[in-house]
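# Residue-level structural notes
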Amino acid sequence: MKKLLIMVACLLLITGCGSNTNKLEEELTIIGNDYYSKYMIGNNLDIAVISLKDFREVNENMGEDYDLSLFKNCDESTNIKIYLKSGTTQIEKYEFELNCEN
């Protein structure tokens, strides 16, 4: 019985963290795409790297209103990498670096 309780507790911890990670990645994808299309498109990049620091700076300096409340426990180095098809603006994939406390 004790082992069963420990396994259930571990499962809850793992799935709980996973869903939070998914929410962070989904939000980064949404605001990352918006940021890229407004501030980075046309720069002939293969990889666009956008950090929380970048989002905060445009909120303060450019009057943007990116909701960063989900990232309150994350370091400013948390970022999204948007990989683009070489020579185009076509997005191939996303990569996330989440430097967050649980």
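Described below are features of the structure shown in this document. None of the values given here were measured: they were computed from a predicted structure.

## Re the overall build of the protein
- Looking only at helices and strands, one finds 2 helices and 3 strands in the protein.
- Ordered by position from N to C terminus, the α and β elements of the protein give α-β-α-β-β.
- The 102 residues of the protein split such that 25% are buried.
- In the protein, once contacts between residues fewer than 6 apart in sequence are set aside, the share between residues at least 24 apart is 57%.

## Overview of the layout of surface pockets
- Reported here for the largest pocket is a volume of approximately 220 Å³.
- For the lining of the largest pocket, the residue count by class is 6 nonpolar, 5 polar and 2 charged.

## Overview of the side chain of Thr-29
- Tracing the backbone shows Thr-29 in helix H1 (residues 2-40).
- What makes Thr-29 buried here is its relative accessible area of 18%.
- Setting aside chain neighbours within four positions, we find Thr-29 in contact with Ile-80, Tyr-94 and Phe-96.

## Some points on the sheet that holds strand S2 (residues 79-84)
- In space, the 3 strands of this open sheet follow the order S1-S2-S3, with antiparallel pairing throughout. Each edge of the open sheet is held by one strand with a lone partner, namely strand S1 (47-51) and strand S3 (91-97). Averaged over neighbouring strand pairs, the angle between their axes works out to 15 degrees when direction is ignored.

## Here's the deal with the pairing of S2
- With respect to burial, S2 is a largely interior element, 5 of its 6 residues being buried.
- As judged from the 5 bridges shared by S1 and S2, these two strands associate in the antiparallel manner. When the sheet's bridge partners are listed, Ile-50 is paired in S2 with Ile-80.
- Sheet topology note: the S2/S3 ladder contains 6 bridges and is antiparallel. Residue pairing for S3: Lys-81 is matched across the bridge by Glu-95.

## What to know about the pattern of salt bridges
- Throughout the structure, instances matching the rule amount to 4 salt bridges.
- For Lys-81, the salt bridge goes to Glu-97, with nearest N and O atoms at 3.7 Å. With Lys-81 in strand S2 and Glu-97 in strand S3, this pair connects stretches of sequence that are 16 residues apart.
- On the accessibility criterion, Glu-97 (33% relative accessible area) is partly exposed.
- Among the ionic contacts, a cluster of salt bridges with common partners joins Asp-34, Lys-38 and Glu-64.

## Examining the state of the cysteines
- Under the counting rule described, the total for this entry stands at 1 disulfide.
- Here Cys-74 engages in a disulfide with Cys-100; their sulfurs sit 2.0 Å apart. On the sign convention where negative is left-handed, the bridge of Cys-74 and Cys-100, at about 100 degrees about the S-S bond, is right-handed. Note that Cys-74 is positioned in the loop between helix H2 (52-61) and S2 and Cys-100 in the segment after S3, a separation of 26 residues in sequence.

Criteria and thresholds
Every chain begins its residue count from 1, and numbering advances along the sequence as written. Owing to the predicted nature of the model, reporting of local features is limited to residues with pLDDT of at least 70; listing and counting of side-chain atom pairs is limited to 80 or more, with chain, interface and lining totals taken over all residues. Water and hydrogen atoms play no part in the side-chain values, which are based on all heavy atoms of the structure. Elements are defined by DSSP. Helices are runs of H or I of four residues or more, strands are runs of E of two residues or more, and each kind is numbered from the N terminus. To sort residues, take the accessible area from a 1.4 Å probe on protein chains only and compare it with the maximum for the residue type: under 20% means buried, over 50% means exposed, and anything in between is partly exposed. Only heavy atoms matter for contacts: two residues are in contact if any of them lie within 4.5 Å across the pair. Only protein atoms enter the 1 Å grid used here. Points where a 1.4 Å probe fits but cannot escape make up a cavity, open sets with protein on both sides within 12 Å along at least five of seven lines make up a pocket, and a residue lines them when an atom lies within 4 Å of a point. Grid points are joined across faces, edges and corners, and a volume is the space filled by probe spheres set on the points. Amino acids are sorted into nonpolar (Ala, Val, Leu, Ile, Met, Phe, Trp, Tyr, Cys and Pro), charged (Asp, Glu, Lys and Arg) and polar (every other residue, Gly among them). Here, a strand pair is defined by DSSP locating no fewer than two bridges between the strands. Every angle, taken between N-to-C directions, lies between 0 and 180 degrees, and every axis is a line fitted to C-alpha atoms, over only the stretch in contact when it is a helix. Each salt bridge in this description consists of a side-chain nitrogen of Lys or Arg and a carboxyl oxygen of Asp or Glu lying within 4 Å of one another. The term disulfide is used for any two cysteine sulfur atoms that are within 2.5 Å.

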